[in-house]
Amino acid sequence: MNPLQKYWGPIYLQFKESMGKRLPKVLLEPQTHRLGIGLLSAAILSLIVTPGLPLGWYPYQLGDVPLRDIRSPRNFLVEDREATEARRVEAENAVPPVYDFDSNAARGVVERLHQNWEGLGLSDGSLQKSLGPNYREIVLQSLGRTVEEVMEHRIIAEIPLVPSEASPIMTLRYLPTPSGEIVEEESVIDSNELLSLKAARSMAVTRVEEIFSGLPSSVRKALKEAVPVQIQPNLTLNRSETEIRKLTVRESMKPVLFQVQKGEILVSKGVPISPKEWTKLEALYSLHGERGYWGAWLATILLIFLLFSVSFVLAQRNVKKFKSEIKDIVFMSALLIGFLLLVKLGISLSDVLPAVFPFISEESFRYMIPLVAAAAIARLCLNTETAIIFSISLSILASFLFNQQFFFYLYFQIGSIAIIQGVTHCSQRSRLVKAGLQLGLIQVLFLLSYRLIEGESWSRILVWQLPFAFAGGLLVGMVITGVLPIFEGLFRYTTDIRLVELATMDHPLLRELILKTPGSYHHSLIVSSLSEEAARAIGANPLICRVGALFHDIGKTRKPHYFVENQMGGENLHDKLSPHMSALIIQSHVKEGIDLAREHRLPEAIVDIIPQHHGTSPIRYFYDKAVEQTDPEAGPVQEEPFRYPGPKPQTREAGIIMLADSVEASARTLTDPNLVRIQGMVQKTVNRIFTDGQLNECMLTLRDLHEIARCFIRVLAAIYHQRVDYPEPVAKGDVRRKFHVHYNPFLSKGESKSEGDRSEESPKQGKESLKRLGMS
């Protein structure tokens, strides 16, 4: 247990106990914790995979120099303000002016002539002499007809210019009623339909000259000067109506839009933001608005959480080996967050590097992003099935960062499956580099086939794409090598690589086991061989069995001489102790072994094997001894104090080591270990453990037990096989006695026994071996 665990462990337990009394039970359930972790991870990942949300991607103003490229997260339309304004001005100019035609204008002129007779400057005497006494009525009637005839035309102060041949000059509205009610409207296109004021007055002069030709020249001159001045335009420009119509047309004009493609660079790093670029940024921001950003963020959280939920439920119900513990979920969430941040960094670098290497495209650099290393780490720390489920979410979320390009989803998904296969049963770190090489070749083949389908040229593919895909595989291998120890340490996972490193004899605990308890060490070696072969036969993890068996009895180093395999034929210390005290000493090696394992930071999978390989099995020798020494009248001896504290084996590997430990211990009691006796002993030991219920909590099946027993018999038969006793010449008997000695590595110098001595003492040793202590 590391210092953090020692310090925070009690605090956490106290906090959990106190909160458990206050909070509803549902909040303390593991399922609730999984839900909370999933929601929190989805919220963090949504900030990573969705650009421009609450993080604020648009802090820039017009003319600012951005620190990085900003790309469009989606397709959207932007208004071209200059083009829109030009089109609206053009539409306004195309609106013809509105003129009101007053058909009562001639009547008004005639009335003014009647009212201003005196002002016309005519000589009454001359008119009376020429026209008689009714000269006034005759002149006014003639002038009225002249005015009406002239003002039947559409008289305008000045004829407007014609924009084009097909464009109307004006819109003409008729106002026949005194109230100004409009009864008709038409467009005037031909300027010949209009009469300028100057032309109208000239026409009036001509008509006066024709009508009054018989009058004296002085009278005609006065009339030609007075009458044309009374002619006024009957077409009047209606400015307010014209402006209203122009405004209506302007507002009805749709803006001119252009499309911004998804992934398009909106502003470039280091280049001042131009008005057009600023327009794009404003359009994107206004497209979402503040509420839109938060809504999109929440929608992204929901989408990611839905992806997690569907994957989790599918895997938990259908994948037997799927890891769903809280630690595993936190681990996978941390992997996702960490490596997707790495992808963002890689994308940023790929945007910058083409400026340094202009002959290499940014997409080529993206082939080197080592995202699939996360899938490999998930496989090394968990298992293949869980890693594949994890890789699906990983590839989908990564494709978001590449603008949902299906190519990159396939690229990462195929790469993930390839690297998962490459690191399966990986027991050496050098193999990670080999797996990276294999991944590079697979990525090259995928990229080649995909680009050829798209019609890319061979030269471009071979020179600028395939080398980067292959280099990406190599980089994945290096990233796994560097990052894996971090996750191993943080989450205390036991990878095959870590197990192989623990199995070396350089480990302090194993060296101590060799020096202090050579008998226990030899026992551990045989248990290790038995367990490894059995695990390999039934598909369990042979490395965990091998390493777990090596460390399963390290607690015996604290009191080595209380265990018979380390007494070397010397005094049995238990002869002076009561059975209950002896049982306590034997049981204590489990707790002491756990303490030593945690002190040396052994993986949890190995630490768990130390108590589980005994389970709750009884220490039968001392229990029987206690029964013999107890007066029958005192009542039966309780078996519980003579049982190990447990727990029972929780994994197949722990169950295998329990069986191997008991079988190896029983094998030492065989006086003549031939094949038949070994087979009977193995079957009896396995049946005893099975009927005692020690294997109820691990996933060993009856078929597994039969296969395990077969492996044990095969290995033990090889260890205890019969040897031929080669005859020696009689003359060399002394030499035979001196050199043909039975070698026992656990005896000190001077304690080796000849074969003769060994054969003489074997019955005694066999009897003593029946009194083994703590080996079951």
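Everything below is about the structure shown above.
Calculation rules
The residue count restarts for each chain, going from 1 along the sequence in the order it is written. In view of the model being predicted, local features appear only for residues whose pLDDT reaches at least 70, and side-chain atom pairs are presented and counted only at 80 or more, with totals across whole chains, interfaces and linings using the full set of residues. Hydrogen atoms and water are omitted, and side-chain values are computed over all heavy atoms in the structure. A helix here means a DSSP run of H or I that spans at least four residues, while a strand means a run of E at least two residues long, and both kinds are numbered starting from the N terminus. For every residue, the accessible area (1.4 Å probe, protein chains only) is compared with the maximum for its type, and the residue is labelled buried under 20%, exposed over 50%, or partly exposed between those bounds. Here the open area of atoms and residues is found with the Shrake-Rupley method and a 1.4 Å probe, where only the protein chains shown may cover a residue. Only residues whose relative accessible area exceeds 30% and that form no salt bridge are eligible for patches; like-charged ones are grouped when within 9 Å, while nonpolar side chains (Val, Leu, Ile, Met, Phe, Trp, Tyr) are grouped when within 5 Å. Any carboxyl oxygen of Asp or Glu that lies within 4 Å of a side-chain nitrogen of Lys or Arg is treated as forming a salt bridge with it. Residues grouped as a nonpolar core are buried Ala, Val, Leu, Ile, Met, Phe, Trp, Tyr and Cys residues, joined through side-chain atoms within 4.5 Å. Contacts were defined at the residue level, with two residues in contact if any of their heavy atoms lie within 4.5 Å. Helix axes are fitted to C-alpha atoms over the stretch in contact, other axes to C-alpha atoms as well, and angles between N-to-C directions run from 0 to 180 degrees. Each crossing gets its handedness from the near helix: less than a right angle anticlockwise from the far helix is left-handed, clockwise is right-handed. Classes in brief: Ala, Val, Leu, Ile, Met, Phe, Trp, Tyr, Cys and Pro nonpolar; Asp, Glu, Lys and Arg charged; the others, Gly included, polar. The rule for pairing is simple: two strands pair if DSSP sees at least two bridges between them. Put simply, angles under 35 degrees are roughly parallel, angles over 145 are roughly antiparallel, angles from 65 to 115 are roughly perpendicular, and the rest are oblique. Each pair of aromatic rings taken from Phe, Tyr and Trp, with Trp reduced to its six-membered ring, is defined by centres within 6.5 Å and is described as stacked if the planes are under 30 degrees apart, edge-to-face if over 60, and tilted in the remaining cases. Each residue after the first adds 1.5 Å to the expected span of a helix.

Draft legend 1. Quick peek at the overall build of the chain. Secondary structure assignment for the chain yields 30 helices and 12 strands. For the chain, the residues scored as buried account for 44% of the 776 residues in total. Total accessible area on the chain stands at roughly 41,300 Å², and carbon and sulfur atoms take up 57% of it.

Draft legend 2. Molecular detail of a nonpolar patch on the surface. Together, Val-356, Phe-357, Phe-359, Leu-452, Trp-458, Leu-462, Val-463 and Trp-464 make up an exposed nonpolar region whose accessible area comes to about 760 Å². Judged by relative accessible area, Leu-452 falls into the partly exposed class, the value being 32%.

Draft legend 3. Representation of the nonpolar core in the model. The biggest cluster of nonpolar side chains holds 70 residues, and the ones touching the most others in it are Phe-331 and Ile-419. Within the residue set of this core, elements represented by two or more residues are α2 (30–49), α10 (275–318), α11 (326–356), α13 (373–381), α14 (384–401), α15 (406–423), α16 (430–454) and α18 (466–491). When neighbours within four sequence positions are excluded, Phe-331 is seen to be in contact with Ile-377, Ala-378, Cys-381, Leu-382, Phe-487, Phe-491 and Tyr-493. In this structure, Phe-551, Val-590, Ala-667 and Leu-700 belong to the second largest nonpolar core, which totals 65 residues.

Draft legend 4. Structural detail: the packing of α13 against α15. As a packed pair, α13 and α15 sit with axes 8 Å apart at the nearest point and diverge in direction by 35 degrees. In this structure, α13 meets α15 at a crossing whose hand is right-handed. Residues Ala-375, Ala-376, Arg-379 and Leu-380 of α13 lie in contact with α15, whose contacting residues are Ser-416, Ile-419, Ile-420 and Val-423. Of the residues that constitute the contact of α13 with α15, the class distribution is 6 nonpolar, 1 polar and 1 charged.

Draft legend 5. The arrangement of the sheet that holds strand β6 (residues 184–188) in detail. Spatially, β6-β5-β3-β8 is the arrangement adopted by the 4 strands of the open sheet, whose pairing is mixed. The open sheet has two free edges, formed respectively by β6 and β8 (235–237), since each of these has just one partner strand. Direction aside, neighbouring strands of the sheet carry axes that sit 30 degrees apart on average. Summarising the sheet, strand β3 (residues 98–101) and strand β5 (residues 170–174) pair through 4 bridges and their orientation is parallel. Opposite Phe-101, over in β5, you have Tyr-174 as the bridge partner.

Draft legend 6. Geometry of unusual backbone geometry. Omega for the bond connecting Gly-646 with Pro-647 falls within 30 degrees of zero, at 5 degrees, which places this linkage in the cis form. Tracing the sequence through the fold places Pro-647 in the loop between α25 (620–629) and α26 (652–667).

Draft legend 7. The arrangement of the packing of α11 against α13 in detail. The N-to-C vectors of α11 and α13 enclose an angle of 160 degrees; their axes lie 10 Å apart at closest approach. Viewed along their axes, α11 and α13 adopt a mutual orientation that is roughly antiparallel. In the crossing of α11 with α13, the sense of the turn from one axis to the other is right-handed. Of the residues in α13, those in contact with Phe-331, Leu-335 and Phe-339 of α11 are Ala-373, Ala-374, Ile-377, Ala-378 and Cys-381.

Draft legend 8. Spatial organisation of the environment of Pro-97. Summarising the element assignment, Pro-97 is placed in the loop between α3 (81–93) and β3. Look at Pro-97 and you get partly exposed, because its relative accessible area is 22%. C-alpha separation for the pair Pro-97 and Leu-237, spaced 140 residues apart in sequence, amounts to 7.1 Å. Those residues in contact with Pro-97 that lie beyond four places of it in its chain are Ile-169, Met-170, Thr-171, Leu-237 and Thr-242.

Draft legend 9. Region of interest: the packing of aromatic side chains. According to the stated counting rule, one finds 26 aromatic pairs in the structure shown. With a centroid separation of 6.0 Å and 70 degrees between ring planes, the pair formed by Tyr-367 and Phe-407 is classed as edge-to-face. Note that Tyr-367 is positioned in the loop between α12 (362–366) and α13 and Phe-407 in helix α15, a separation of 40 residues in sequence. An angle of 45 degrees between the planes, with centres 5.7 Å apart, marks the rings of Phe-402 and Phe-412 as tilted.

Draft legend 10. Quick look at helix α23 (residues 579–599). Taking 1.5 Å of rise per residue, 21 residues should cover 30 Å, and α23 covers 31 Å from first to last C-alpha, within 8% of that figure. Residue Arg-601 follows α23 closely and has a positive phi angle near 55 degrees.

Draft legend 11. View of the pattern of salt bridges. In total, this model carries 32 salt bridges according to the counting rule given. For Asp-100, the salt bridge goes to Arg-173, with nearest N and O atoms at 2.9 Å. Within this pair, whereas Asp-100 is found in strand β3, its partner Arg-173 is found in strand β5, the two being separated by 73 residues in sequence. When its relative accessible area of 12% is taken as the criterion, Asp-100 is described as buried. Beyond isolated ion pairs, a larger network of salt bridges with shared partners links Glu-532, Glu-533, Arg-536 and Arg-546.

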